[in-house]
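Residues per chain, in single letters:
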Amino acid sequence: MIEENVHMRQKGIIDAAKLHMPILIIGAGSIGGWTALALSKLGCSNITVMDGDTVEEHNAGSQIFKVSDAGEQKVHALADKLSLLTELPLERGIPVHWDAKNEEHNQSLKEYPIVIAAVDNITVRAQLFEVLKNSDSLYIDARMAGNALEIYTVR
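Residues numbered from 1 in each chain as written. Predicted model: local features only at pLDDT ≥ 70, side-chain atom pairs only at ≥ 80, totals over all residues. Heavy atoms only, no water.

> Tell me about helix 2 (residues 74-86), and name the residues and values.
The end-to-end C-alpha separation of helix 2 is 18 Å, in line with the 18 Å expected for 13 residues at 1.5 Å each. Packed against the buried residues of helix 2 are helix 1 (30-42) and strand 2 (47-50). Downstream of helix 2 by one or two residues, glutamate 87 has phi in the positive range, about 60°. (Helix = DSSP H or I, 4+ residues; strand = E, 2+ residues; numbered from the N terminus. Expected span 1.5 Å × (residues − 1). Contact = heavy atoms within 4.5 Å.)

So this is what it looks like as structure tokens:
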């Protein structure tokens, strides 16, 4: 268990009880990896990341990975990095892509109070929104390209 002093500056930002709320991040790249780190540093302890990609050498420039991570599943490399930087015992993630046609994936999305789309495909974003639009989940869709960043939040 992490000592309470580690997160004493965050107490005014978020109710400590909400730090254990399950969060799903779909995508472990530029947005997903850094978001997972920020949430972990905030004290969130129940983060799941879903991504089927492996780390490629060019990912080291903008993502949380090092060149030496090339060839590893992104979710596994990310979990290793977060464990080193936060000392939280983290799951190694789900090394699969979310699939709109997979009803099991669709149902499991609705079990998360917070779902963050960190994917680089507009079709997948639209499909995620369709699955979650009538759920109780908070859906956060973050996008970035070059020098632009947009965040959309839908409840």
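After presenting the structure, the write-up continues.
> Give a description of the packing of helix 1 against helix 2 that names residues and reports values.
At a minimum axis distance of 10 Å, the contact between helix 1 and helix 2 shows a crossing angle of 30°. When the interaxial angle is binned, helix 1 and helix 2 end up roughly parallel. Crossing geometry of helix 1 relative to helix 2 is assigned as right-handed. Listed contacts from helix 2 to Gly33, Ala36, Leu37, Ser40 and Lys41 of helix 1 are Leu78, Leu82, Leu85 and Thr86. Residues belonging to the contact of helix 1 with helix 2 are distributed by class as follows: five nonpolar, three polar and one charged. (Axes fitted to C-alpha atoms, helices over the stretch in contact; angles between N-to-C directions. Parallel < 35°, antiparallel > 145°, perpendicular 65-115°, else oblique. Left-handed = near helix turned anticlockwise from the far one by under 90°. Nonpolar A, V, L, I, M, F, W, Y, C, P; charged D, E, K, R; others polar.)

> Pulling in residues and values, what's your account of a nonpolar patch on the surface?
Side chains of Met144, Leu149 and Ile151 sit close together on the surface and give an oily, nonpolar patch of about 330 Å² of accessible area. Inspection of the secondary structure assignment puts methionine 144 in strand 4 (residues 138-145). Since its relative accessible area comes to 47%, methionine 144 is described here as partly exposed. (Patch = residues over 30% accessible without salt bridge, like charges linked within 9 Å, V, L, I, M, F, W, Y side chains within 5 Å. Areas by Shrake-Rupley, 256 points an atom, 1.4 Å probe, with all protein chains shown as cover. Salt bridge = Lys/Arg side-chain N within 4 Å of Asp/Glu carboxyl O. Buried < 20%, exposed > 50% of the residue type's maximum accessible area, 1.4 Å probe, protein only.)

> I'd like a description of the packing of aromatic side chains, backed by residues and values.
Going through the model one piece at a time under the given rule, you end up with one aromatic pair. A centroid spacing of 6.3 Å and a plane angle of 50° characterise the contact between phenylalanine 129 and tyrosine 139, whose relative ring orientation is tilted. Of the two residues, phenylalanine 129 sits in helix 4 (residues 122-132) while tyrosine 139 sits in strand 4, which places them ten residues apart along the sequence. Under the relative-accessibility criterion, phenylalanine 129 is labelled partly exposed at 32%. We classify tyrosine 139 as buried; its relative accessible area is 4%. (Phe/Tyr/Trp six-rings, centres within 6.5 Å; stacked < 30°, edge-to-face > 60°.)

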